[in-house]
Amino acid sequence: MVNQAIVDLISYAVHAGLLEEDDRIWAVNRILDALRISDWEEPAQAVERPLEDILKDLLDFAVEHGVIEDGVTSRDLFDTELMGRITPRPSQVRREFFQRYAESPEKATDWYYQLSQNTDYIRRYRIKRDMKWVTPTEYGDLDITINLSKPEKDPRAIAAAKSAPQSGYPKCQLCRENEGYAGRMNHPARQNHRIIPITIDGCDWFFQYSPYVYYNEHCIVFNGAHVPMKINRSTFRKQLDFIKQFPHYFVGSNADLPIVGGSILSHDHFQGGRYTFAMEKAPVEKMVSFPGYEDVEAGIVKWPMSVIRLRCADDERLVELADKILLAWRGYTDQAAFIFAETDGEPHNTITPIARMRDGKYELDLVLRNNITTEEYPLGVYHPHQELHHIKKENIGLIEVMGLAVLPARLKGELAALADALVEGRDLRTDEELEKHADWAEELKTRYTFTRDNAMDILQQEVGKVFATVLEHAGVYKCTDEGRAAFLRFVESVR
């Protein structure tokens, strides 16, 4: 059985373009070595079947014969090693990428994205598990996802990681040194990972895809050096340089402060891809202008978060104006609007910037952020408030800012159980798992009659509306007359 799986894997790799026909015997020996097999008898022919099934057979063999321990993390580490043994070398991948780039950037990224899936770096069979739907709102159609593609924490891996020697290599999961790294119990294996070098604002950066693919061609663009996130003039220059090289992609950056920033603030990076988010589709509701930059189209976007959109054919003019707005915002205080640049020496104001090409012009969306906390809102005033934590408690990063909710995996089971409880009329306050949803569910019961046929559809759409409220909470200026007046006070202060 294991011999059949090996032949099937090698045949898959040849058909996927990872290997050539001349590589077959070499590749078989590479896999035999990993599985500690010394004898070999080749099956009559390969069987075409899903990669997940092939790898499962090989992993089951490895567990049964003591090559690895059983467990999600151990299996992930080992199947990545197997795939790494049949993945082209970095030099080959880069050569192929830039040969295609010479024809067109799209041909290069199409090939690279497919490669990243074929090597199982992007685990397609896990991505398919994610729950996804769209909720219409006054701000447009919001994308809602429940992320199920990240493996659950493995208790055995947690225990093993505690007893393992501490390592500082690679320094984080974004560092270039992850390319080819074998991984460990508390750090994913990356033998099948390949990165592409790029130069932006004269600096050495790299381009890769996210293994979790929250949207189409979800890429990560990261600094070759392990340096912290910092939003400054060079950020705008780098983003527009990236858009020049890959005009069919957008690129954005998380903010550089806790609460309003992303999950990795220790390594400077952007996220991008080939996807149109609701925020990009949102219209400008009020045109504004900045003195000395009358050639730059500017406006406030109709969006629950506070967005200034800039457009110009001259990218350097965008960099200059964006930097001017950033510096003004960093130091801006408006007590009437509860905007404080700093308290007790701690800075609060920053920006989440997103760049794209539209109709032959460069476009920058500058999302104003503030991370101030109070006794009433200890996790952040401009952060989902406590009454929404049953759905979303985590930071609102770049992806959510643009209109795609990345919700915790727990909601898959909780929503299914909640649908049943609502149909059956059960008391949620006596249910330890569902009690957190009780206030929300009681309000929904005043508007809906739940049945087996409609309960889940109603809950999904109402989750989407909760996410719209999450974005409203994260907006520093609310979509009210008072909020828009305060927004304009800031715009007019930029001189």
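In case you missed it, the structure is sitting above this.
What comes next is a walk through the structure. (Residues numbered from 1 in each chain as written. Predicted model: local features only at pLDDT ≥ 70, side-chain atom pairs only at ≥ 80, totals over all residues. Heavy atoms only, no water.)

### Brief notes about the overall build of the chain
Using the following cut-off: Numbering of helices and strands starts at the N terminus; helices are DSSP runs of H or I of at least 4 residues and strands are runs of E of at least 2. Under the scheme applied here, a residue whose accessible area is under 20% of the maximum for its type counts as buried, over 50% as exposed, and between as partly exposed, the area being computed with a 1.4 Å probe on protein chains only. In what follows, a contact means two residues having at least one pair of non-hydrogen atoms within 4.5 Å. For the area figures, the Shrake-Rupley method with a 1.4 Å probe applies, and any residue is considered shielded solely by the protein chains shown. This count recognises Lys and Arg as positive and Asp and Glu as negative, with His and chain-terminal groups excluded. To locate a charge, take atom NZ for lysine, CZ for arginine, CG for aspartate or CD for glutamate.
A count of helical and extended segments in the chain gives 16 helices and 15 strands. Summarising its shape, the C-alpha atoms of the chain cover approximately 80 × 60 × 45 Å along the three principal directions. Each of the 495 residues in the chain was classed as buried or not, and the buried ones make up 56%. Within the chain, residue pairs in contact and separated by at least 24 positions form 64% of the contacts whose partners lie at least 6 positions apart. As displayed, the chain has an accessible area near 22000 Å², and 49% of this comes from carbon and sulfur atoms. When the 60 positive and 79 negative side-chain charges of the chain are each reduced to one mean point, those points stand 2 Å apart.

### Some remarks on the environment of Glu492
Tracing the sequence through the fold places Glu492 in helix H16 (residues 481-493). When the C-alpha atoms of Glu492 and Lys478 are compared, they prove to be 17 Å apart, with 14 residues separating the residues in sequence.

### Focus on the layout of surface pockets
The probe, sized like a water molecule, is rolled over the atoms to show the empty space still left. For clarity, the cut-off: Method remark: on a 1 Å grid restricted to protein atoms, a set of points is classed as a cavity if a 1.4 Å probe fits but cannot get out and as a pocket if it is open with protein on both sides within 12 Å along at least five of seven lines; lining residues have an atom within 4 Å of a point. Grid points are joined across faces, edges and corners, and a volume is the space filled by probe spheres set on the points. Nonpolar residues are Ala, Val, Leu, Ile, Met, Phe, Trp, Tyr, Cys and Pro. Charged residues are Asp, Glu, Lys and Arg, and all others, Gly as well, are polar.
Each pocket or cavity is described by its volume, and for the second largest pocket that value is around 510 Å³. In terms of lining residues, the second largest pocket is bounded by 25 residues, among which Leu18, Thr87, Pro88, Arg89 and Gln92 are the most central. Secondary-structure elements contributing two or more residues to the lining of the second largest pocket are helix H2 (24-35), helix H5 (90-103) and helix H6 (105-118). If one sorts the elements of the lining of the second largest pocket by residue count, H5 sits on top with five residues. The residue makeup of the lining of the second largest pocket, split by class, is nine nonpolar, eight polar and eight charged.

### Some points on the nonpolar core
As a reminder, the rule being used: For this analysis, a nonpolar core means a set of buried residues of the types Ala, Val, Leu, Ile, Met, Phe, Trp, Tyr and Cys, connected via side-chain atoms within 4.5 Å.
Phe207, Phe242, Phe290, Leu310 and Tyr477 are the most contacted members of the largest nonpolar core, which totals 96 residues. A total of eight residues in this core trace back to one element, the largest contributor, which is helix H1 (residues 2-15). Residues Ile146, Phe277, Trp303 and Leu434 belong to the second largest nonpolar core, which totals 54 residues.

### Considerations on helix H14 (residues 438-445)
Rule in force here: The directions from the helix axis to the C-beta atoms form the arc being described.
Here H14 has its buried residues at Ala438, Trp440, Ala441 and Leu444. Projection of H14 onto a plane perpendicular to its axis shows the buried side chains occupying an angular sector of 160 degrees, all on one side. Those residues of H14 that are buried lie in contact with helix H13 (410-424) and helix H15 (455-474).

### As for the pairing of strand S15 (residues 404-407)
Put simply, the rule reads: A pair of strands counts as paired when DSSP detects no fewer than two bridges linking them.
Burial along S15 is two-sided: the residues Leu404 and Val406 and Ala405 and Leu407 are all buried. Bridge analysis of strand S2 (residues 140-146) against S15 gives four bridges, and the strand direction is parallel. Across the sheet, residue Thr145 finds its bridge partner in S15, namely Val406.

### Quick notes on the sheet that holds S2
We apply this condition: For helices, the fitted axis covers only the stretch in contact; all axes are lines through C-alpha atoms, and the angles between them, taken along N-to-C directions, range from 0 to 180 degrees.
With respect to topology, three strands assemble into an open sheet ordered S1-S2-S15, the strand pairing being mixed. Looking at which strands have only one partner, the edges of the open sheet turn out to be strand S1 (131-137) and S15. The mean inter-strand angle of the sheet, taken between neighbouring strand axes irrespective of direction, is 20 degrees. Pairing geometry for S1 and S2, over seven bridges, is antiparallel. Bridge pairing in S2 places Thr135 opposite Leu142. Of the strands in this sheet, S1, S2 and S15 touch H13, which is tilted by about 100 degrees from S2.

### Describing the sheet that holds strand S9 (residues 297-301)
With antiparallel pairing, ten strands are arranged side by side in an open sheet as S3-S4-S5-S7-S6-S13-S14-S10-S9-S8. Taken across any chain shown, the strands that pair with only one partner, and hence form the sheet edges, are strand S3 (196-200) and strand S8 (284-288). Shown here is a sheet whose adjacent strand axes are inclined to one another by a mean of 25 degrees, direction ignored. The pairing of strand S4 (residues 203-209) with strand S5 (residues 219-223) spans five bridges and is classified as antiparallel. Bridged to Tyr209 within S5 is Cys219. The sheet contacts of helix H11 (residues 315-330) involve strand S10 (307-312), strand S13 (349-358) and strand S14 (361-370), and relative to S14 the element is tilted by about 10 degrees.

### Topic: the packing of aromatic side chains
Under the convention used in this document: Aromatic pairing here means that ring centres of Phe, Tyr or Trp (its six-membered ring) are within 6.5 Å. Orientation follows from the plane angle: under 30 degrees is stacked, over 60 is edge-to-face, and everything else is tilted.
Here the structure, examined in full by the defined rule, presents 31 aromatic pairs. Taking 5.0 Å as the distance between ring centres and 75 degrees as the angle between the ring planes, the aromatic pair formed by Tyr215 and Phe277 counts as edge-to-face. Here Phe277 lies in the loop between strand S7 (269-273) and helix H10 (278-281) and Tyr215 lies in the loop between S4 and S5, a separation of 62 residues in the sequence. The exposure class of Tyr215 is buried, given its relative accessible area of 3%. Within the aromatic cluster, the residues linked to one another by ring pairs are Phe97, Phe98, Tyr101, Tyr112, Tyr113, Phe207, Tyr209, Phe242, Phe246 and Tyr249.

### Examining empty space enclosed by the protein
Counted according to the given criterion, the structure contains one cavity of 30 Å³ or more. Reported here for the largest cavity is a volume of approximately 50 Å³.

### Some remarks on the packing of H1 against H2
Where we set the bar: By definition in this entry, angles of less than 35 degrees are roughly parallel, angles greater than 145 are roughly antiparallel, angles of 65 to 115 are roughly perpendicular, and the rest are oblique. Crossings are assigned a handedness: left-handed for a near helix turned anticlockwise from the far helix by less than a right angle, right-handed for a clockwise turn.
The geometry of H1 relative to H2 is characterised by a closest axis approach of 10 Å and an angle of 135 degrees between their N-to-C directions. In terms of axis orientation, H1 runs oblique to H2. Judged by the twist between their axes, the crossing of H1 over H2 is right-handed. Where H1 approaches H2, its residues Val2, Ile6, Leu9, Ile10, Ser11 and Val14 are matched on the opposing element by Arg24, Ala27, Val28, Ile31, Leu32 and Leu35. Here the residues of the contact of H1 with H2 are counted per class, giving ten nonpolar, one polar and one charged.

### Considering the pattern of salt bridges
The test is simple: Put simply, a salt bridge is a Lys or Arg side-chain nitrogen that is within 4 Å of an Asp or Glu carboxyl oxygen.
A complete count under the given rule lists 51 salt bridges for this structure. Between Asp60 and Lys56 there is a salt bridge, and its shortest N-O distance comes to 2.8 Å. Remark: Lys56 and Asp60 occur in helix H3 (residues 51-64); sequence separation between them is four residues, near one turn of the helix. The salt bridge partner of Arg237 is Asp241, with a shortest N-O separation of 3.0 Å. Here Arg237 and its partner Asp241 are both found in helix H9 (residues 233-245), four residues apart, which amounts to about one turn of the helix. Take Arg237 and Asp241: they sit in the same class, and that class is buried. Where salt bridges share partners, they join Glu280, Glu297, Arg309, Arg311, Arg356, Arg358, Lys361, Glu363 and Asp365 into one cluster.

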